[in-house]
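Per-entry structural report
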Amino acid sequence: MRRALRGAVLGFTGDPFLAEDPAATLHITEDTLVVLEDGLIAEVAPYDPARARGLEVVHYPDALICPGFIDCHVHYPQTQMIGAFGEQLLDWLNTYTFPAEQDYADPAHAAEAARVFLAELLRNGTTTAAVYCTVHPQSVEAFFAESHRLNTRMIAGKVLMDRNAPDALLDTAERGYAESKALIERWHGTGRQLYAITPRFAPTSSPAQLAAAARLWREHPGTYLQTHLSENKAEIAWVRELFPEAGGYLDVYHRAGLTGRRAIFGHAVHLSEAEFGCCHRTGSALAHCPTSNLFLGSGLFRLFDAKRRDRPVCVGLGTDLGAGTSFSQLRTLGEAYKVARARGGRLTAAHGFWLATAGAAEALDLTGRIGRVAPGHEADLAVLDLKATPLVEYRLRHARDWAERLFVLMTLGDDRAVRATWVAGIPRYRREGAGA
Ligand code: GUN
Ligand code: ZN
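Residues numbered from 1 in each chain as written. Chains lettered and ligands numbered in written order. Predicted model: local features only at pLDDT ≥ 70, side-chain atom pairs only at ≥ 80, totals over all residues. Heavy atoms only, no water.

To keep things clear, this is the line we draw: UniProt positions are given in the numbering used here, feature names are shortened, and annotations may be inferred rather than shown by experiment.
Under the annotation held in an unreviewed UniProt entry, the protein carries the name Guanine deaminase and is attributed to Teichococcus wenyumeiae. As its UniProt record puts it under Sequence similarities (unreviewed entry), the protein is described as follows: "Belongs to the metallo-dependent hydrolases superfamily. ATZ/TRZ family." On record in UniProt, under Catalytic activity (unreviewed entry), the comment for the protein is "guanine + H2O + H(+) = xanthine + NH4(+)".

Written as structure tokens, this is what we have:
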């Protein structure tokens, strides 16, 4: 039996960052039928009983049907260490992160963490993420196995590190290459899984390892390249010492052959104009991670500079757990708004929801497949609850229009605002006590 969802649906007429009137790009259609077939969205049309005949219809009143959220930067092994106190990036890595990641030599530990992490993503309406595993191939195996079981579209990869980390977390240029290649052969394109070659960041990879990563990326078209970039001032100074010949942090990656379409750089808090220009020209994407940048005191990302209309850079939203503090894209957007405000910018609901859905799909080169509720797209959906809590219900009764409702959800919303999450046409999460 074909299935359908009935309710209000979120759409866009274009990229709000490029529009004269950003708010006008947000397009909500009331009482709509979203028909699903074979894991895809077959039809999106005004509800009428004749159209619904013969379909199994799930009705979501007082809700908004959105594309599943897309998280462009997150570390599943760090779920066990969210909220680690008191350090900036480099000390935080040494004190908390590297000890935690050593646990992933154990496949059973990795399997449990992957289960917890993916369940938490779905509880928050997130259906696609670009995920860092650890240096251990078994951490990647555990992650993809669970994602494949759930049939979620995930991008993930083995971290590459051959220096400046504890011995237990180091590979070598050759071993990192060989292990990543074997994982690509096993997982890239298996069901909905996609592989990201994942040198952690320039300080933990030798020039030889960066070169091997670039070779692997070239040899496997369609794979991704993810790493960290210009997150913290001390990190940037260290990169300058380690790579004195490079013109800057991004230039380390650019010279190594690691910029281009399907390259995703996390953070990019302290980029120069020349570096934004390089991202624009090469099609490299940035992941904006506001809760993490605030938590580690890294700085305030220049979102509206990144998206400048004469040389726009692709930007998606990232939670960056465990330096990030929430799985919720709504909460992450609430912090993105505050970061933009601190820089004098005004992040509307149109901007925000774009960054978490269609804009993120563009950043991940998945336009046409995910990120929109539109025919032919994969049926990954997040159903937001306009009565999620007594406060949300009360506040939204006083909202004038959809833009205000969505903006209030960016401010007040969290996992409780997700009534249901659908993955490839199957309801995979339903909030206890919520209708439908
Ligand atoms: N830079 C290098 N590794 C990491 C990491 O795990 N988290 C964050 N936030 N930044 C990094
Ligand atoms: Zn990160």
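What to know about the site of ligand 1
Applied cut-off: By convention in this text, a residue qualifies as near a molecule or strand provided that one of its non-hydrogen atoms is within 4 Å of it. As used in this structure description, the phrase polar contact means that two N or O atoms lie within 3.5 Å; if the pair is within protein, one of them must be able to donate a hydrogen and the other to accept it, and residues adjacent in sequence are counted only when both atoms belong to side chains. Exposure was quantified through the Shrake-Rupley algorithm and a 1.4 Å probe, taking into account, for residues, occlusion by the shown protein chains and nothing else.
In the region of ligand 1, 13 residues are neighbours, and His75, Gln78, Arg200, Glu231 and Asp320 sit closest. In the model, a nitrogen atom of ligand 1 is placed 2.7 Å from a nitrogen or oxygen of the Glu231 side chain. Take Asp320: an N or O atom from its side chain is 2.8 Å from a nitrogen atom of ligand 1. Expressed as a share of its isolated accessible area of 280 Å², the protein-covered part of ligand 1 is 100%.

Structural notes on unusual backbone geometry
Note the threshold: Runs of E in the DSSP output that reach at least two residues are strands. Runs of H or I that reach at least four are helices, and both are numbered from the N terminus. Buried residues are those whose accessible area, probed at 1.4 Å on protein chains only, stays under 20% of the maximum for their type, while exposed residues exceed 50% and partly exposed ones sit between those limits.
Gly322 follows Leu321 through a cis peptide bond whose omega is 0 degrees. Within the secondary structure layout, Gly322 lies in the loop between strand E13 (314–317) and helix H12 (329–342). For Asp31, which is not glycine, the phi dihedral falls at a positive 25 degrees. Judged by relative accessible area, which is 34%, Asp31 ranks as partly exposed. A positive phi is found at Arg262, a non-glycine position, where the angle reads about 75 degrees. Take Arg262: it is sitting in the loop between helix H8 (249–256) and strand E11 (263–267).

Topic: the nonpolar core
Operational definition: In this description, a nonpolar core means a group of buried Ala, Val, Leu, Ile, Met, Phe, Trp, Tyr and Cys residues linked to one another through side-chain atoms lying within 4.5 Å. Residue contacts are counted whenever heavy atoms from the two residues lie within 4.5 Å of one another.
Formed by 115 residues in total, the largest nonpolar core has its most connected members in Tyr76, Phe143, Leu286 and Phe353. Take this core: its biggest share by element is 7 residues, from helix H3 (residues 107–123). Leaving out residues up to four positions away in the same chain, Phe353 has contacts with Leu10, Phe12, Cys66, Phe69, Leu330, Leu333, Ala358, Leu384, Leu406 and Met410.

A short note on empty space enclosed by the protein
As a reminder of what qualifies: Here a cavity denotes a set of grid points, spaced 1 Å apart and computed over the protein atoms alone, in which a 1.4 Å probe fits but from which it cannot get out, and a pocket denotes an open set meeting protein on both sides within 12 Å along at least five of seven lines; residues with an atom within 4 Å of a point are reported as lining. Grid points are joined across faces, edges and corners, and a volume is the space filled by probe spheres set on the points. Residues are grouped as follows: nonpolar covers Ala, Val, Leu, Ile, Met, Phe, Trp, Tyr, Cys and Pro; charged covers Asp, Glu, Lys and Arg; every other residue, Gly included, is treated as polar.
All told, the structure shown has 3 cavities of 30 Å³ or more when counted by the stated rule. Each pocket or cavity is described by its volume, and for the largest cavity that value is around 90 Å³. A per-element tally of the lining of the largest cavity places helix H2 (residues 89–101) first, with 3 residues. There is about 40 Å³ of room inside the second largest cavity. Together, Leu160, Ala173, Gly176, Tyr177, Ser180, Gln209, Ala212, Ala213 and Leu216 line the second largest cavity. Among the elements of the structure, helix H5 (173–187) and helix H6 (207–219) are those that each provide at least two residues to the lining of the second largest cavity. In the lining of the second largest cavity, the residues fall into 6 nonpolar, 3 polar and no charged.

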